[in-house]
Amino acid sequence: GNSVTQMEGPVTLSEEAFLTINCTYTATGYPSLFWYVQYPGEGLQLLLKATKADDKGSNKGFEATYRKETTSFHLEKGSVQVSDSAVYFCALIVYNQGGKLIFGQGTELSVKP
Amino acid sequence: GAGVSQSPSNKVTEKGKDVELRCDPISGHTALYWYRQSLGQGLEFLIYFQGNSAPDKSGLPSDRFSAERTGGSVSTLTIQRTQQEDSAVYLCASSLVLGSLNNEQFFGPGTRLTVL
């Protein structure tokens, strides 16, 4: 079946630190990969995506590269801010199996000033 | 409307009661999805609709759960004879079409269900 595994949190960093949140997947088809973010008190929103191998998704200083050989889609940011404190979800869709998102467990990030 | 809306935002019910959760998708979006976010299970898919039909009901956890969509717009998720393990945040999302590579799902704020 299809599944997503991401590193457990919570992750606590100081402002301007480098962030990596690991995400690996298994899929029976060719997935598209996503990172969603849930800020405190807000709904889930798409952060970035990649639809084929070696694509790099980027947004708001965050980046993730679709690595087919390692089945990974790690989220990185060079310098985090307090406002990045949120829960981050890695997810996949295999479109020829329908449109449902398969999510990882979520990683809570807390950035201290 | 401007985004996906869900009602109620919070629902507290007693074990054994039925509840109905409502989702209003973004106008013009033909695909609609229900997910559940709970402490033990994370974010899990429940059901999706393309128009008024539901080709994939595989995520519904039991036959106490059902969903319908009428007029290709509003959807209702019904949970009968609620149990404490049904306590979770129920999220609704919509997208322009189903099964397209450039097809973002937009999420509503969720309904927090608490079963006492």
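Look above for the structure.
Fair warning: this is a prediction, and the values are worked out from it, not measured in the lab. (Residues numbered from 1 in each chain as written. Chains lettered and ligands numbered in written order. Predicted model: local features only at pLDDT ≥ 70, side-chain atom pairs only at ≥ 80, totals over all residues. Heavy atoms only, no water.)

Here we take up the overall build of chain A. Within chain A, the regular secondary structure consists of 0 helices and 12 strands. Listing the helices and strands of chain A from first to last along the sequence gives β-β-β-β-β-β-β-β-β-β-β-β. Taken over C-alpha atoms, the radius of gyration comes to 14 Å for chain A, in line with the 13 Å a tight globule of 113 residues would show. Taken along the three principal axes of its C-alpha coordinates, chain A extends 45 × 25 × 20 Å. For chain A, the proportion of its 113 residues judged to be buried stands at 48%. (Helix = DSSP H or I, 4+ residues; strand = E, 2+ residues; numbered from the N terminus. Rg over C-alpha atoms; globule rule 2.2 N^0.38 Å. Buried < 20%, exposed > 50% of the residue type's maximum accessible area, 1.4 Å probe, protein only.)

As a further point, take the interface of chain B and chain A. Chain B puts 21 residues into the contact, and the matching count from chain A is 18 residues. Buried surface at the junction of chain B and chain A, summed over both partners, amounts to about 1600 Å²; 56% is from carbon and sulfur atoms. At the boundary of chain B with chain A, the tally comes to 1 salt bridge. A salt bridge links Asp-56 of chain B to Lys-100 of chain A; the shortest N-O distance between them is 3.5 Å. Applying the counting rule to chain B against chain A returns 5 residue pairs in polar contact (both at pLDDT 80 or more). Elements that contribute at least two residues to the side of chain B that touches chain A include exactly strand 4 (31–38) and strand 5 (42–50) of chain B. Here the side of chain B that touches chain A takes 4 residues from strand 5 of chain B, the largest share from any one element. (Contact = heavy atoms within 4.5 Å. Buried area = accessible area lost by both parts, 1.4 Å probe. Salt bridge = Lys/Arg side-chain N within 4 Å of Asp/Glu carboxyl O. Polar contact = N/O pair within 3.5 Å; in protein donor to acceptor, adjacent residues only side chain to side chain.)

Looking now at the packing of aromatic side chains. Within the structure shown, the criterion is met by 14 aromatic pairs over all chains. Ring centres of Phe-103 of chain A and Phe-107 of chain B lie 6.3 Å apart, and the angle between their planes is 70 degrees; on these two criteria the pair is classed as edge-to-face. Of this pair, Phe-103 of chain A sits in strand 11 (residues 102–103) while Phe-107 of chain B sits in strand 10 (residues 106–107), placing the two residues on different chains. Like Phe-103 of chain A, the residue Phe-107 of chain B is buried in the burial classification. Both rings, one in Tyr-35 of chain B and one in Phe-107 of chain B, keep their centres 5.5 Å apart while their planes meet at 40 degrees; by these two values the pair is tilted. (Phe/Tyr/Trp six-rings, centres within 6.5 Å; stacked < 30°, edge-to-face > 60°.)

Another aspect to go through is the nonpolar core. In globular proteins that are soluble, nonpolar side chains generally tend to be buried together. Residues and elements named next belong to chain A. If you look at the biggest cluster of nonpolar residues, it comprises 27 residues, and the most contacted ones within it are Trp-35, Leu-47, Leu-48, Phe-73, Leu-75 and Tyr-88. Mapped by element, the contributors of at least two residues to this core are strand 2 (11–14), strand 3 (19–21), strand 4 (23–26), strand 5 (32–38), strand 6 (44–50), strand 8 (62–65), strand 10 (86–93) and strand 12 (107–112). If sequence neighbours within four positions are ignored, Phe-73 has contacts with Cys-23, Leu-33, Phe-34, Trp-35, Leu-48, Lys-49, Ala-50, Ala-64, Thr-65, Tyr-66 and Cys-90. (Core = buried A, V, L, I, M, F, W, Y, C linked by side-chain atoms within 4.5 Å.)

Let us now look at unusual backbone geometry. Across the junction of Gly-9 of chain A and Pro-10 of chain A, the peptide omega takes the value -5 degrees, indicating a cis bond. One can find Pro-10 of chain A in the loop between strand 1 (3–6) and strand 2. Pro-8 of chain B follows Ser-7 of chain B through a cis peptide bond whose omega is -10 degrees. Structurally, Pro-8 of chain B can be placed in the loop between strand 1 (5–7) and strand 2 (10–13). Even without being a glycine, Asp-54 of chain A presents a positive backbone phi close to 75 degrees. Inspection of the secondary structure assignment puts Asp-54 of chain A in the loop between strand 6 and strand 7 (56–59). Here Lys-60 of chain A, not a glycine, exhibits a phi torsion of approximately 55 degrees, which is positive. With respect to the helices, strands and loops of the structure, Lys-60 of chain A is situated in the loop between strand 7 and strand 8. For Lys-60 of chain A, a relative accessible area of 48% corresponds to the partly exposed category.

Side chains that carry opposite charge are capable of pairing whenever their charged atoms lie near each other. Residue and element names in this part refer to chain A. Counting across every chain of the model gives 7 salt bridges over all chains. The salt bridge involving Lys-52 is made with Asp-55; its shortest N-O contact spans 3.3 Å. Among the residues examined, Asp-55 registers a relative accessible area of 22% and is labelled partly exposed.

Below, the discussion takes up the state of the cysteines. The full count for this structure, using the stated rule, is 2 disulfides over all chains. With its sulfur 1.9 Å from that of its partner, Cys-23 of chain A forms a disulfide with Cys-90 of chain A. Measuring handedness by torsion sign, the sulfur bridge of Cys-23 of chain A and Cys-90 of chain A sits at about -70 degrees and is left-handed. Here Cys-23 of chain A is found in strand 4, whereas its partner Cys-90 of chain A is found in strand 10, with 67 residues between them in sequence. Judged by relative accessible area, which is 1%, Cys-23 of chain A ranks as buried. Residue classification places Cys-90 of chain A among the buried positions, given a relative accessible area of 1%. Two residues share a disulfide in this structure: Cys-23 of chain B and Cys-92 of chain B, whose sulfurs sit 1.8 Å from each other. On the S-S bond that ties Cys-23 of chain B to Cys-92 of chain B, the torsion sits near -65 degrees, and the link is left-handed. Of this pair, Cys-23 of chain B sits in strand 3 (residues 19–24) while Cys-92 of chain B sits in strand 9 (residues 88–95), placing them 69 residues apart in sequence. By relative accessible area, Cys-23 of chain B is classed as buried at 0%. (Disulfide = S-S within 2.5 Å.)

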